2 protein chains.
Amino acid sequence: MQINDNFYMKLAIDEAWKYQLLTYPNPAVGCVVVKKGELLAIEAHKEAGKPHAEVNALKAAFLKKHPNDCIKAISDSFKIHEYLINNHNNFFQDCTIYVTLEPCNHIGKTPSCAHLLKRLKPKKVVIAHKDINNIAKGGIETLKSENIDVSLGCMQKEAYELLYPFIQWSKGTFIFYKMAQTLNGSIDGQISSNQAKAYVHALRDKIDVLLIGGNTVRVDKPTLDARYVAGRAPNIFIYSKNKIFDNTIPLFKIPNREVIISDDLFKLLDYKFVMVEGIYHLMNALKEKIDYFILLVSPKIRNGINALNELNIDFEIVHENYIGEEKIIFLKRK
Amino acid sequence: MQINDNFYMKLAIDEAWKYQLLTYPNPAVGCVVVKKGELLAIEAHKEAGKPHAEVNALKAAFLKKHPNDCIKAISDSFKIHEYLINNHNNFFQDCTIYVTLEPCNHIGKTPSCAHLLKRLKPKKVVIAHKDINNIAKGGIETLKSENIDVSLGCMQKEAYELLYPFIQWSKGTFIFYKMAQTLNGSIDGQISSNQAKAYVHALRDKIDVLLIGGNTVRVDKPTLDARYVAGRAPNIFIYSKNKIFDNTIPLFKIPNREVIISDDLFKLLDYKFVMVEGIYHLMNALKEKIDYFILLVSPKIRNGINALNELNIDFEIVHENYIGEEKIIFLKRK
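Residues numbered from 1 in each chain as written. Chains lettered and ligands numbered in written order. Predicted model: local features only at pLDDT ≥ 70, side-chain atom pairs only at ≥ 80, totals over all residues. Heavy atoms only, no water.

Okay, helix H2 (residues 53–65) of chain B next. All names here are of chain B. The end-to-end C-alpha distance of H2, which contains 13 residues, comes to 19 Å, matching closely the 18 Å that a straight helix rising 1.5 Å per residue would cover. Along H2, 10 of the 13 residues are buried, which leaves the element largely enclosed by surrounding structure. Of the positions making up H2, those classed as buried are Ala-53, Glu-54, Val-55, Asn-56, Ala-57, Leu-58, Lys-59, Ala-61, Phe-62 and Leu-63. In the core, the buried residues of H2 are packed alongside strand S1 (30–35), strand S2 (38–44), helix H3 (77–87), strand S3 (95–101) and helix H4 (113–120). (Helix = DSSP H or I, 4+ residues; strand = E, 2+ residues; numbered from the N terminus. Expected span 1.5 Å × (residues − 1). Buried < 20%, exposed > 50% of the residue type's maximum accessible area, 1.4 Å probe, protein only. Contact = heavy atoms within 4.5 Å.)

As structure tokens, this is what we get:
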């Protein structure tokens, strides 16, 4: 196997995918630090408001060589920036930084990564994809102004796939469909493990609205909250022509939750980040609008039907991971 | 992400999985070389008779730092050994070698890796799993006799899974079932890409015998060769009570092929490496005997049935890879 820029960038991309969608409204970003050939850090941005991938990776790299340094206890982005600027002692000058997205150039919830890198002066910054955010972009120019060697375009296609949800919700709406099935495609009964359910709840905690079918609400009487991660219960969009529901159904009991009952799917475009569960009969109508299918696959064979059999769709697997013993597969329509 | 011994061993394990089953009768083995923290090589054993993982990795590591060295042109195992022993110039003395299986201690089709390492004197050899082969084992003692630091047991569980087919065929018979399906579990019609078919043919080229059902032979009239990889057509075991077949069916026309027609499945135990295709009605009877299910998954949704629906099996995913745009999943019964 070739150990080159692509290899290190792939490590950064794979690390970022672990937090895909969970960084909303930020993009998922990964970063790798290599010092004189030695791999020091593989980190990612994990959640909006928390340190960017570069900051996590620079801190981890510094710590790898100074294991008892007091930076260990610093978690606030501004403070890590400040600490590294004051204490780097040219540590990064023989480092190559691999980052999946152009370092941000502006001060938002966290300070600018491009300006931090400008001060730390790494030997080289390898960037997979240019920033598409008008506010944050310009990082490359900032780095170049300090004569830092910048390379752009390594693993660009893979980085684009990583960035894709961010691109969609930045310019409009990102809609994904979540489904759990067994290996042989059965969707009947209890399928997912608690670990997979916790992941779904982590997603629910982040989304703007959850689309669900009226029939599912009437039959399953779900709660649709994020209790497995002690998270925020999402707002609910019930797709239903009949607007009358039994208001003792648990989902209506959640405080501070908005519930929309509508049969106008165009209203979904008022939101930026939408998750769809169930409503298989709508899949054919929705399929052109759905950006991702997220399939949770439990490695077992069970007798049962697959609700999607009537569809005829070709996908590209954009990524996949394990969630415990199960699989999560991110699919995009071809 | 932690960058530690487990991280490097995982790179070795994943590389080895790319050649899983294709190394028959040898085990799949991976090897990583790290020199003063710098990752120099990730290699694997690719085919019986070709260099072992350690040899491929040591050569690649040496080449990484001596890109124009004439070792580049040497592919024979004995010659690589000889060249490295004469020209290493203490290159490996600050290297850590990660290897998924204890280096072999005997001279077979290729020379002993333990004796090569003994001469190259790396700083440390990290081994995931002890050799189970009575002829080849003893590598650790050989290394220790030269005062090389040896660590055993890093990622042992994962290395055991990698070694599992070898363990099975070494002591008896390894049987795997190969199936192709769409995402939603349909097995109808043409499913796999040419790339996935080439992989199946590469497997057919290695196996001792291919088990197939009589009905499939009568209806599909298959050839069951390995033409996609210009490989050896495997011997065929047709499971059938009725021993009469139309001998114009292509599979009977292949020269130098043995065809057994029998309804005695115990005869399979005369072979070491058996692949099963089709015969879904036998799956339930066979399920206790099958070591691996190998599932080729094409990322598309199609209307169709899944022939395994009547089974009720829990699996562990032991590994998976991409074959082009498709997936290959290695499953073991829980």
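Picking up where we left off.
Residues and elements named next belong to chain A. Mapped onto the elements of the fold, Val-209 is located in strand S7 (residues 209–213). The class of Val-209 is buried, set by a relative accessible area of 0%. For Val-209 and Lys-18, which are 191 residues apart along the polypeptide, the C-alpha to C-alpha distance reads 22 Å.

Residues and elements named next belong to chain B. In terms of burial, S3 is a largely internal element, seven of the seven residues being buried. Sheet analysis places S1 next to S3, joined by five bridges and oriented antiparallel. What sits directly across from Lys-35, in S3, is Cys-95. With five bridges joining them, S3 and strand S4 (residues 124–129) adopt parallel strand pairing. From the neighbouring strand, Tyr-98 faces S4, where its bridge partner is Val-126. (Pairing = 2+ DSSP bridges.)

A word on the relation of the copies chain A and chain B. Rotating chain A by 180° and moving it 0.0 Å along the rotation axis overlays it on chain B with an RMSD of 0.0 Å. What the rotation and shift describe, once combined, is the action of a two-fold rotation axis. Distance from the rotation axis, computed per C-alpha, reaches its smallest value in chain A at Glu38(A): 2.1 Å. Here 100% of the interface residues in chain A have copies in chain B that are interface residues too; the copies meet face to matching face. (Least-squares fit on C-alpha atoms with pLDDT ≥ 70 in both.)

Another point: the environment of Gly139(A). Residue and element names in this part refer to chain A. Position of Gly-139 among the secondary structure elements: in helix H5 (residues 139–145). Distance from Gly-139 to Asn-105, taken between C-alpha atoms, is 4.7 Å for residues 34 residues apart in sequence. Setting aside chain neighbours within four positions, we find Gly-139 in contact with Glu-102, Pro-103, Asn-105 and Ala-114.

An order of S12(A)-S13(B)-S14(B)-S11(B)-S6(B)-S10(B)-S7(B)-S8(B)-S9(B) is seen for the nine strands of this open sheet, with the pairing classed as mixed. Looking at which strands have only one partner, the edges of the open sheet turn out to be strand S12 (300–301) of chain A together with strand S9 (259–262) of chain B. Here eight bridges tie strand S13 (residues 313–323) of chain B to strand S14 (residues 326–333) of chain B, and the two strands are oriented antiparallel to one another. Looking at the pairing, His319(B) lines up with Phe330(B) of S14(B). Sitting on the sheet, helix H1 (residues 5–17) of chain B touches strand S11 (292–298), S13 and S14 of chain B, and the angle it makes with S13(B) is about 85°. Against the sheet, helix H7 (residues 194–206) of chain B engages strand S6 (174–182), strand S7 (209–213), strand S10 (273–277), S11, S13 and S14 of chain B, with an angle of about 140° to S10(B). (Axes fitted to C-alpha atoms, helices over the stretch in contact; angles between N-to-C directions.)

Going through the model one piece at a time under the given rule, you end up with 42 aromatic pairs over all chains. These aromatic residues form a ring-pair network of at least three members: Trp17(A), Tyr24(A), Tyr160(A), Tyr164(A), Trp169(A), Phe174(A), Phe176(A), Phe273(A), Tyr292(A) and Phe330(A). Here the basic side chain of Lys332(B) rests over the ring of Tyr164(B), its NZ or CZ set 4.1 Å away from the ring centre. (Phe/Tyr/Trp six-rings, centres within 6.5 Å; stacked < 30°, edge-to-face > 60°. Lys NZ or Arg CZ within 6 Å of the ring centre and 35° of its normal.)

Let us now look at the domain arrangement of chain A. Residues and elements named next belong to chain A. Domains assigned within chain A are domain 1 (3–170) and domain 2 (173–333). On the domain 2 side, the residues contacting the 16 residues of domain 1 number 19 residues. Carbon and sulfur atoms make up 59% of the surface buried where domain 1 meets domain 2, a total of about 1,600 Å² over both sides. On the surface where domain 1 and domain 2 come into contact, there are three salt bridges. In this structure, the salt-bridge partner of Glu-47 is Lys-206, at a minimum N-O distance of 2.8 Å. Within the residue set of the side of domain 1 that touches domain 2, elements represented by two or more residues are helix H1 (5–17) and helix H6 (156–171). Looking at the side of domain 1 that touches domain 2 element by element, the count peaks at eight residues for H6. (Domains from an automatic or database assignment. Buried area = accessible area lost by both parts, 1.4 Å probe. Salt bridge = Lys/Arg side-chain N within 4 Å of Asp/Glu carboxyl O.)

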